[in-house]
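One-letter residues, chain by chain:
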Amino acid sequence: MCVSMLASGSRGNCAVVASTGTKILVDAGISCRETFKRMKALGEDPRTLSAILITHEHSDHVYGLATLAKKLRIPVFMTGATHQAWTRYLRNAKGERPHLEKFEPFESGHRFQVGDIEVRPFTIPHDAADPVGFS
């Protein structure tokens, strides 16, 4: 298992968690272009990502999500409440809410699998709709 931090802080949060067969992006708080650039600097191909997991809807965790999801066409995992909060605050120039082609809702306390990685979401205290951490 390997964890690479692409960004951490109020200007954006983003990490890659990888096993031998699966790569997961945890949060998408920097632009798609910057995510790709930082992954490539680590010798990683962004197109090998298996999924994106979102901890909560604050912009420093979802800033690049819409573009990344559209370009990569991979599943995006977040709680239903986080998804609702994200779509409420992010609208395009026409006032339309974003659409995730491969939205995968989950609930805190319920494990799920992404490739060969078992994800265990747990509730964390934070001022967001339904914030979670992952182990």
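Residues numbered from 1 in each chain as written. Predicted model: local features only at pLDDT ≥ 70, side-chain atom pairs only at ≥ 80, totals over all residues. Heavy atoms only, no water.

Visitor: Before we move on, could you go through a positive patch on the surface and cite the residues and values that matter?
Guide: Where like charges cluster on the molecular surface, the positive patch consists of Arg33, Lys40, Arg47 and Lys71. In this structure, Arg33 sits in helix 1 (residues 32-41). (Patch = residues over 30% accessible without salt bridge, like charges linked within 9 Å, V, L, I, M, F, W, Y side chains within 5 Å. Areas by Shrake-Rupley, 256 points an atom, 1.4 Å probe, with all protein chains shown as cover. Salt bridge = Lys/Arg side-chain N within 4 Å of Asp/Glu carboxyl O. Lys, Arg positive; Asp, Glu negative; His and termini not counted. Charge placed at Lys NZ, Arg CZ, Asp CG, Glu CD. Helix = DSSP H or I, 4+ residues; strand = E, 2+ residues; numbered from the N terminus.)

Visitor: Before we move on, can you summarise the pairing of strand 3 (residues 23-26) with the specific residues and values?
Guide: Taking every second residue as pointing to the same face, both faces of strand 3 are buried, with Lys23 and Leu25 on one and Ile24 and Val26 on the other. Note that strand 2 (residues 14-18) and strand 3 share four bridges and pair antiparallel. Looking at the pairing, Val17 lines up with Ile24 of strand 3. Bridge analysis of strand 3 against strand 4 (residues 51-53) gives three bridges, and the strand direction is parallel. Across the sheet, Leu25 pairs through a bridge with Ile52, a residue of strand 4. With helix 1 bridging strand 3 and its parallel neighbour strand 4, the resulting β-α-β unit is right-handed. (Buried < 20%, exposed > 50% of the residue type's maximum accessible area, 1.4 Å probe, protein only. Pairing = 2+ DSSP bridges. Right-handed = clockwise from strand over helix to strand, strands pointing away.)

Visitor: Pulling in residues and values, what's your account of unusual backbone geometry?
Guide: At Asp27, a residue that is not glycine, the phi angle is positive and equals roughly 70°. Given the relative accessible area of 5%, Asp27 is considered buried. For Arg73, which is not glycine, the phi dihedral falls at a positive 55°. Mapped onto the secondary structure, Arg73 falls in the loop between helix 3 (65-72) and strand 5 (76-79).

Visitor: Tell me about the pattern of salt bridges, residues and numbers included.
Guide: Summed over the entire model, instances satisfying the criterion amount to five salt bridges. A salt bridge links Glu101 to Arg73, with the nearest nitrogen and oxygen atoms 3.2 Å apart. One end of the pair, Glu101, is in the loop between helix 4 (80-89) and strand 6 (103-106); the other, Arg73, is in the loop between helix 3 and strand 5, and 28 residues separate them in sequence. Overlapping salt bridges, with partners in common, bring together Arg111, Glu118 and Arg120 in one network.

Visitor: Report on helix 3, specifying residues and quantitative values.
Guide: For helix 3, the set of buried residues is Leu65, Leu68, Ala69 and Leu72. Buried residues along helix 3 cover an arc of 95° about the axis, so they all sit on one side. Looking at the buried residues of helix 3, the elements they touch are strand 3, helix 1, strand 4, helix 2 (59-62), strand 5 and helix 4. Once helix 3 ends, the next one or two residues include Arg73, with phi positive near 55°. (Arc of directions from axis to C-beta. Contact = heavy atoms within 4.5 Å.)

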